[in-house]
Amino acid sequence: MVLKRTLATIQVDLDGLWTNLSYYGHDVSISPDILFETAVPRYLELFREFGIKATFFVIGRDTADPLKRELLKRIYDEEHELANHTYSHPFGLRKCSLEQKKKEILEGEKALLMITGRKPVGFKAPGYDIDTEVLQILHGSGYRYDSSYISTFVYPIIMRLNTWFKGGVLRTHGPRWHWFLKKNKPYVVASNRRGKLLEIPCTVMPLLRIPIHATFIVKLGFFYFKIAHSLVRLLKIPLNYEFHAADLADEIHDPRLGHLIGIPLEKRLQLFRRMLQELTKHHTFVTSAEFALRLRN
Ligand SMILES: [Zn+2]
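Predicted model only: the values in this text are computed from it and were never measured. (Residues numbered from 1 in each chain as written. Predicted model: local features only at pLDDT ≥ 70, side-chain atom pairs only at ≥ 80, totals over all residues.)

> So what's going on with the overall build of the protein? Residues and values would help.
When helices and strands are tallied, the protein shows 10 helices and nine strands. For a compact globule of 297 residues, the expected C-alpha radius of gyration is about 19 Å, and the protein comes in at 18 Å, within 12% of that figure. Along the three orthogonal principal directions, the C-alpha set of the protein runs to about 55 × 50 × 40 Å. In the protein, the proportion of contacts linking residues at least 24 apart, taken out of those at least 6 apart, comes to 75%. (Helix = DSSP H or I, 4+ residues; strand = E, 2+ residues; numbered from the N terminus. Rg over C-alpha atoms; globule rule 2.2 N^0.38 Å. Contact = placed C-beta atoms within 7 Å.)

In structure tokens, the structure reads:
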């Protein structure tokens, strides 16, 4: 029997070591970066193996490092998309001034232009910290989509616990409690004669609104993924599945990074292969730019 595959997209957030450490208030250099450097080749290999075209969200500042630049070129050469994840990954973009917001977006854009020769069409705010002002800047600058929303009540709880017990930055940013009432599928957030800006939220478990992206599956296992994916298929939700660099990086035992410690790489690789096998049985994966284009039409 031939299965009819539905359209879906995979996004990889390239938050490296310095980005993760900055969340806990540590200021370190952009290189060496064990998370970025070990994860990118593994994602490329996996996506090649499963015939997936994906979107990688890049922090502009990382392009100053020659090794990272080389890896980003490899991503682009393999026909994946590079999209804008701001220039310096500020936690609390929503709280920045209008000028700072514009600068973060524009500088991130310029950094990507140096790699691809093209202006990016997609944006993701650090830590799911988005507001209408940022969406207006994106729309005015001709972006096709934003992917900063996640419609769950779980993140506000986790972030608060992180602040209390692990010293994460004070929770004045990130997803809001009421976002779990927002749509769990792509929708138009801004539209005029010049074009539409689509919001492609990070897909969460339908009905229960619990996160299902890779970082959670690593902790909760394949069975949890299977239930979530069955619901996504049943309700015909156009899937946006999210990974982070840390999900496929070398094992790292840095006590400053509490949430990244624990699962052996071999186990994670096995789990992701199983997930991608399941996902590619039911979906055709295109870049988020392509996904946005097809959904808007
Ligand atoms: Zn990020």
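> An account of the pairing of strand β3 (residues 81–84) is needed here, citing residue identities and associated values.
Along any regular strand the residues' side chains alternate between the sheet's two faces. Alternating positions in β3 separate into two faces, Glu-81 and Ala-83 on one and Leu-82 and Asn-84 on the other, with burial throughout. As a crossover connection, the stretch from strand β2 (residues 55–58) through helix α3 (residues 66–77) into β3 is right-handed. (Buried ≥ 20, exposed ≤ 12 C-beta atoms within 10 Å, placed from the backbone. Right-handed = clockwise from strand over helix to strand, strands pointing away.)

> Pulling in residues and values, what's your account of α3?
Taking 1.5 Å as the rise per residue, α3 with 12 residues should run 16 Å; its terminal C-alpha atoms sit 16 Å apart, in good agreement. For α3, the complete set of buried residues consists of Lys-68, Leu-71, Leu-72 and Ile-75. Axial view of α3: buried residues confined to an arc of 100°, hence all on one face. Pointing more than 90 degrees away from the buried face of α3 are the exposed residues Pro-66, Glu-70 and Asp-77. Taken together, the buried residues of α3 touch α2 (34–50), β2, β3 and α4 (98–116). Downstream of α3 by a residue or two, Glu-79 has a phi angle that is positive, lying close to 65°. (Expected span 1.5 Å × (residues − 1). Arc of directions from axis to C-beta.)

> Mind laying out the nonpolar core, listing which residues take part and the relevant values?
Generally speaking, nonpolar side chains in soluble globular proteins are found buried as a group. Among the nonpolar cores identified, the biggest contains 70 residues, and Val-12, Leu-14, Ala-39, Phe-56 and Val-58 are the most heavily contacted of them. Top element by residues in this core is α2. It accounts for six residues. Leave out the neighbours within four places in its chain, and Phe-56 touches Val-12, Leu-14, Ile-75, His-80 and Leu-82. (Core = buried A, V, L, I, M, F, W, Y, C linked by C-beta atoms within 7 Å.)

> Go over the pairing of strand β7 (residues 195–199) with me, naming the residues and quoting the values.
By the bridge criterion, two bridges tie strand β5 (residues 145–146) to β7 in an arrangement that is parallel. Paired with Tyr-145 across the strands is Leu-198, a residue of β7. Note that strand β6 (residues 187–192) and β7 share five bridges and pair antiparallel. Each residue of the ladder has a partner; that of Ala-190, found in β7, is Leu-197. Linking two consecutive strands that pair antiparallel, namely β6 and β7, is a turn of two residues. (Pairing = 2+ DSSP bridges.)

> Can you tell me about the packing of α2 against α3, naming the residues and giving the values?
It is at 10 Å that the axes of α2 and α3 come closest, and there the two elements cross at 15°. Taken together, the axes of α2 and α3 are roughly parallel relative to one another. Where α2 crosses over α3, the handedness of that crossing is left-handed. Here α2 contributes Phe-36, Glu-37, Val-40 and Leu-44 to the contact with α3, which in turn contributes Leu-67, Lys-68, Leu-71, Arg-74 and Ile-75. (Axes fitted to C-alpha atoms, helices over the stretch in contact; angles between N-to-C directions. Parallel < 35°, antiparallel > 145°, perpendicular 65-115°, else oblique. Left-handed = near helix turned anticlockwise from the far one by under 90°.)

> Hey, could you go over the environment of Lys-103 for me, with residue numbers and the actual values?
The topology assignment puts Lys-103 in helix α4. Among the residues examined, Lys-103 registers 15 C-beta atoms within 10 Å and is labelled partly exposed.

> Describe unusual backbone geometry, and please don't skip the residues or the numbers.
Cis rather than trans, the peptide bond between Ser-31 and Pro-32 has omega equal to 0°. Along the chain, Pro-32 turns up in the loop between α1 (17–23) and α2. Positive phi values are uncommon outside glycine, yet Glu-79 reaches one of about 65°. Following the sequence through the fold, Glu-79 ends up in the loop between α3 and β3. Note on Glu-79: 10 C-beta atoms within 10 Å, which makes it exposed. Positive phi, close to 55°, is recorded for Tyr-128, a residue that is not glycine. C-beta crowding within 10 Å serves as the criterion here: with 21 such atoms nearby, Tyr-128 is assigned to the buried category.

> Run through the environment of Val-232, naming residues and quoting values.
Considering the arrangement of structural elements, one finds Val-232 in helix α8 (residues 222–234). Here Val-232 falls in the buried class, since 25 other C-beta atoms lie within 10 Å of it. For Val-232, the residues in contact, after removing those within four places along its chain, are Thr-203, Pro-206, Ile-237 and Leu-239.

> I'd like a description of the environment of Phe-57, backed by residues and values.
When you line up the elements, Phe-57 lands in strand β2. In this view, Phe-57 contacts Gln-11, Val-12, Asp-13, Leu-14, Ala-83, His-85 and Lys-124; residues no more than four positions away in its chain are not counted.

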